Amino acid sequence: MYISEQLLNPDERRLRLSTQLGVQNVVLDNRGTELVSAAGGVNAWDAGRLRRYREWIEAFGLKLDVFALDVGSILLDSLVDLDSARRQRDVLAQNVQKAADAGITCLKYNVQMVGITRTGLKPGRGGARNSGFVLTEYSPEDDSKHSYWGVGYPSNQEEGGSASAMLCGQKMAREVPPVSAQAGWDAIEFLVEGLVPAADAAGVRLACHPHDPAYPIGGLNGIEHVVGSADGLRRFLSLSSSPNHGLNFCQGTVAEMFKEPAKHMNAVIEEFAATGRIFMVHFRNIRGGYLDFQEVFPDEGDVDMLQAIKAYQRGGYAGPLCPDHVPVSDIDEGRERFMAFALGYTRGLLQAAGVWSVR
């Protein structure tokens, strides 16, 4: 295992900072730009542009581990406009091959149909603020204001809204028809059936991020989060036996599935690591649990992060650990210092566990 950093549209300064922090591997999201897109839009990639982008990243001494595949609104569209969804799926399958042609071997994607739901900011240490979800405090207004939109790491907590939602095809739950558990699985199966054969042909691994957060039984605003439990993760993996069908295992999101994460996470981590189908990890911590949690610094949550690393090790996982969703502060607007803390803390844990080696 080793530290990696996920970045959204980084510039030269940001990449230089990553290398100065000891980062050697990165996970990149290029959402909303035309740097890697074919002429005429941002949906279809150009393999040549994508290769040049990878080479630009590597010129800083970094290795591109994973690149984001934006699936847009395909999941919702597959339920209401199947022809459109099929066209989108064809483009995504072509992008998988173009990634391979560009020398990229792993793509991450997200099965969120609506934003990553949050209800507000809670007081954190030293005046920082922690993003959280408390079902009993839920309101559509707070959802719109405080939720994450898209799958890239947001530059600030308040970036949610229509502009960023348009980039990822996500909407407010009250703006879309109800999505039952069966409909949710139908949509995900439709996507997997189109992407996994393309990944097998191209030799590219697909890392799926689970639903964040776990919703109550019966859903929220008529939307079910079917990959919002350990059983949901198991069922998702069972959709295909391909070794290229796997997970962006978000440790914070999985912790949110349990009322008492500290009692369950080590066993769950080891179980999924042992499948060989965790392709990257979002290494973050929470305080609280199912339907009532807040995202905190990695050293102050309910999950023992050193023991988590040992659980990944026992399961045979040897890939990237990416810090994710650190708190918000007016004195660290871009959260670069908070991310630097999380990176250093993770590297120290790897050294303490005896699994870090300078490569």
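Residues numbered from 1 in each chain as written. Predicted model: local features only at pLDDT ≥ 70, side-chain atom pairs only at ≥ 80, totals over all residues. Heavy atoms only, no water.

- Per an unreviewed UniProt entry, the recorded name for the chain is mannonate dehydratase, and the organism is Bordetella genomosp. 4.
- Quoted straight from UniProt, the Pathway (unreviewed entry) entry for the chain says "Carbohydrate metabolism; pentose and glucuronate interconversion."
- Per UniProt, the comment on the chain under Sequence similarities (unreviewed entry) is "Belongs to the mannonate dehydratase family." (UniProt positions renumbered as here; feature names shortened; annotations may be inferred.)

### Focus: the sheet that holds strand β1 (residues 2-3)
Think of a sheet as strands paired side by side through backbone hydrogen bonds, with each pair either parallel or antiparallel.
And then number 1: Strand order in the open sheet formed by nine strands is β1-β13-β10-β9-β8-β5-β4-β3-β2, and the pairing between neighbours is parallel. Since the sheet does not close on itself, it has two edges, and those belong to β1 and β2 (5-8), each with one partner.
And then number 2: As paired strands, β2 and strand β3 (residues 25-29) are joined by four bridges and run parallel to one another. Directly across from E5, in β3, lies its bridge partner V26.
And then number 3: Its contacts with the sheet place helix α8 (residues 230-238) against β5 (106-110), β8 (205-209) and β9 (245-250), and it is angled at close to 155° to β9. (Pairing = 2+ DSSP bridges. Helix = DSSP H or I, 4+ residues; strand = E, 2+ residues; numbered from the N terminus. Contact = heavy atoms within 4.5 Å. Axes fitted to C-alpha atoms, helices over the stretch in contact; angles between N-to-C directions.)

### So, the packing of helix α4 (residues 82-101) against helix α7 (residues 181-202)
And then number 1: Between α4 and α7, the shortest axis-to-axis distance is 9 Å and the interhelical angle comes to 20°. Classified by the angle between their axes, α4 and α7 sit roughly parallel to one another. The handedness of the crossing between α4 and α7 is right-handed. For the pair α4 and α7, the contacting residues are L82, A85, R86, R89, L92, A93, V96, Q97 and A100 in the first and F190, L191, E193, G194, L195, A198, A199, A201 and A202 in the second.
And then number 2: Along the lines of polarity and charge, the residues of the contact of α4 with α7 split into 13 nonpolar, two polar and three charged. (Parallel < 35°, antiparallel > 145°, perpendicular 65-115°, else oblique. Left-handed = near helix turned anticlockwise from the far one by under 90°. Nonpolar A, V, L, I, M, F, W, Y, C, P; charged D, E, K, R; others polar.)

### Some details on the nonpolar core
And then number 1: By size, the foremost hydrophobic cluster in this structure holds 106 residues, and its most contacted members are F67, V96, L107, Y109, F236, F249 and Y312.
And then number 2: Beyond its immediate sequence surroundings of up to four residues, Y109 is in contact with L69, V71, L191, V192, L206, A207, C208, H209 and F236. (Core = buried A, V, L, I, M, F, W, Y, C linked by side-chain atoms within 4.5 Å. Buried < 20%, exposed > 50% of the residue type's maximum accessible area, 1.4 Å probe, protein only.)

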